[in-house]
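# Commentary on secondary and tertiary structure
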Amino acid sequence: MALVNFSRNAASGPADGQVTEFLNGFSMEVMPRTAEKVESFAEIMPKGTRVYIAHIEGTPIEEMVATAKRLRTEGFEPMPHFPARIIRDVAQLNDWVARYKGEADVKEALLLGGGVSKPVGELDNSMQLIESGAFNGFSRLHVAGHPEGNRDIDPKGGDKAVMEALQWKQKFSERTDADMAIVTQFAFEAAPIIEWAEGLAAAGITMPIHLGIAGPAKLQTLVKFAIACGVGPSLKVLQKRAKDVTKLLKPFEPTELLKEMAAYKAQNPASLIEAVHFFPLGGIKTNATFIAETTKG
């Protein structure tokens, strides 16, 4: 698929103003154990920022709810993950939702299948979560997107099952009162992201895309997470950098990717790509500092 109205030459030049605009309304992902290391979120990020709370298998729900409550108290918008495959049944799902709503006034959620190979109970995918009715009344629901494919859903490659699921969620988005968006796995190259986003639009998807970006981190850390998360061909960007021993000790920053994506969005304002979601693989404060320095006048 051709990249619509995208000039590589335009993207390679200075794009500070474009990047600042592109990062307006960014979100960040944390876990209870990483959030504990942050003394004050208000000192490092704008109040009102959406903060996703990743629910890793084995994390007690009490820790998840406590993190959401803390974020709410500090003036942020908590969006906890609900991974279907680590939730036993609809009764447990309803219990978790009730706790989040009652203790942290949670109104937003990320619904996903989850990365575990075998479900712990009867739930297996985000569509079941939606159909349960547990999130009726939520103001915003996000679902997962994978610009470079998802082997958990399409084990033989391709995107047939993924696209069918997104089409189902698109239809749901058209009849729900909740705002919906697709938040993506991180990638390291602009072209696959753009091609994927344009492919969704061509297939009739209108849900906005919140683009996953890996925050600054050591190269070894990024490679480890990228392999674990199933990042596809864009992994070669890191592998190429790893061949240069002079760069191994320097943090890898997503500056060039952000410039290219910001330039693309400026040239294509109708693109589904709406916002940036950061995975702070090198630390929350490090990522927040990078954003502040990237967007300052």
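Coordinates for the structure precede this section.
Parameters at a glance
Residues numbered from 1 in each chain as written. Predicted model: local features only at pLDDT ≥ 70, side-chain atom pairs only at ≥ 80, totals over all residues. Heavy atoms only, no water. Helix = DSSP H or I, 4+ residues; strand = E, 2+ residues; numbered from the N terminus. Contact = heavy atoms within 4.5 Å. Axes fitted to C-alpha atoms, helices over the stretch in contact; angles between N-to-C directions. Parallel < 35°, antiparallel > 145°, perpendicular 65-115°, else oblique. Left-handed = near helix turned anticlockwise from the far one by under 90°. Nonpolar A, V, L, I, M, F, W, Y, C, P; charged D, E, K, R; others polar. Polar contact = N/O pair within 3.5 Å; in protein donor to acceptor, adjacent residues only side chain to side chain. Core = buried A, V, L, I, M, F, W, Y, C linked by side-chain atoms within 4.5 Å. Buried < 20%, exposed > 50% of the residue type's maximum accessible area, 1.4 Å probe, protein only. Pairing = 2+ DSSP bridges. Phe/Tyr/Trp six-rings, centres within 6.5 Å; stacked < 30°, edge-to-face > 60°. Expected span 1.5 Å × (residues − 1). Salt bridge = Lys/Arg side-chain N within 4 Å of Asp/Glu carboxyl O.

## Some details on the environment of Leu71
As for its position among the elements, Leu71 is in helix H4 (residues 61-73). Setting aside residues no more than four positions away along its own chain, Leu71 makes contact with Phe41, Val51, Ile53, Phe76 and Pro78.

## Digging into the packing of H4 against helix H5 (residues 90-104)
Packed helix pairs are characterised by how far apart their axes lie and by the angle those axes make with each other. The interhelical angle for the contact between H4 and H5, taken along N-to-C directions, is 30°, at an axis separation of 9 Å. As summarised for this structure, H4 and H5 are arranged roughly parallel, according to the angle between their axes. Considering the relative orientation of H4 and H5, their crossing is right-handed. Residues Ile61, Glu62, Met64, Val65, Ala68, Lys69 and Arg72 of H4 touch H5, and the partners they reach there are Trp96, Arg99, Tyr100, Glu103 and Ala104. Across the contact of H4 with H5, the residue classes break down as seven nonpolar, no polar and five charged.

## Section: unusual backbone geometry
Here Asp105, not a glycine, exhibits a phi torsion of approximately 50°, which is positive. For Asp105, the location among the structural elements is in the loop between H5 and strand S4 (108-112).

## Regarding the side chain of Asp89
If you trace the backbone, Asp89 turns up in the loop between strand S3 (77-83) and H5. Of note is the side chain of Asp89, whose polar atom sits 2.8 Å from the backbone nitrogen of Gln92. Residues within four places of Asp89 in sequence aside, it is in contact with Glu122 and Leu123.

## Considerations on the nonpolar core
Within the largest apolar cluster, 71 residues are counted, with the highest numbers of intra-cluster contacts made by Phe82, Phe135, Met261 and Phe278. Broken down by element, this core gets its largest block of residues, six residues, from helix H8 (residues 190-202).

## Structural notes on the pairing of strand S8 (residues 273-279)
Of all seven residues in S8, six are buried; the element is thus mostly enclosed. Two strands pair when backbone bridges link them, and strand S7 (residues 209-214) and S8 are joined in this way by six bridges, in the parallel orientation. For Ala214, the partnering residue across the bridge sits in S8 and is Phe279.

## Section: the packing of aromatic side chains
For the coordinates displayed, the defined rule picks out nine aromatic pairs. Both rings, one in Phe82 and one in Tyr100, keep their centres 5.4 Å apart while their planes meet at 70°; by these two values the pair is edge-to-face. You can see Phe82 sitting in strand S3 and its partner Tyr100 sitting in helix H5, a full 18 residues away along the chain. Note on accessibility: Phe82 and Tyr100 belong to one class, buried.

## Digging into helix H11 (residues 255-267)
End to end, H11 covers 18 Å across 13 residues, agreeing with the expected 18 Å (1.5 Å per residue, within 8%). For H11, the full list of buried residues reads Leu257, Leu258, Lys259, Met261, Ala262, Ala263 and Tyr264.

## Digging into the sheet that holds strand S6 (residues 179-184)
Strand order in the closed barrel formed by eight strands is S1-S2-S3-S4-S5-S6-S7-S8, and the pairing between neighbours is parallel. Between one strand and the next, the sheet's axes are offset by a mean angle of 30°, whatever the strand orientation. Looking at chain direction, strand S1 (residues 27-30) and strand S2 (residues 50-53) are connected through four bridges and run parallel. Across the sheet, the residue bridging to Ser27 is Arg50, located in S2. Against the sheet, H4 makes contact with S2 and S3, and its axis sits at roughly 170° relative to S2, the strand it touches most. The sheet contacts of helix H12 (residues 284-295) involve S1 and S8, and relative to S1 the element is tilted by about 170°.

## As for the side chain of Thr184
Tracing the backbone shows Thr184 in strand S6. A relative accessible area of 2% places Thr184 in the buried class. A polar side-chain atom of Thr184 sits 2.8 Å from the main-chain amide nitrogen of Gly212.

## A few points about the pattern of salt bridges
A complete count under the given rule lists 10 salt bridges for this structure. We note a salt bridge from Arg99 to Asp95, for which the minimum N-O separation is 3.2 Å. Note that Arg99 and Asp95 are positioned in helix H5 at a spacing of four residues, about one turn of the helix. Judged by its relative accessible area of 26%, Arg99 is partly exposed. With a relative accessible area of 34%, Asp95 lands in the partly exposed category.

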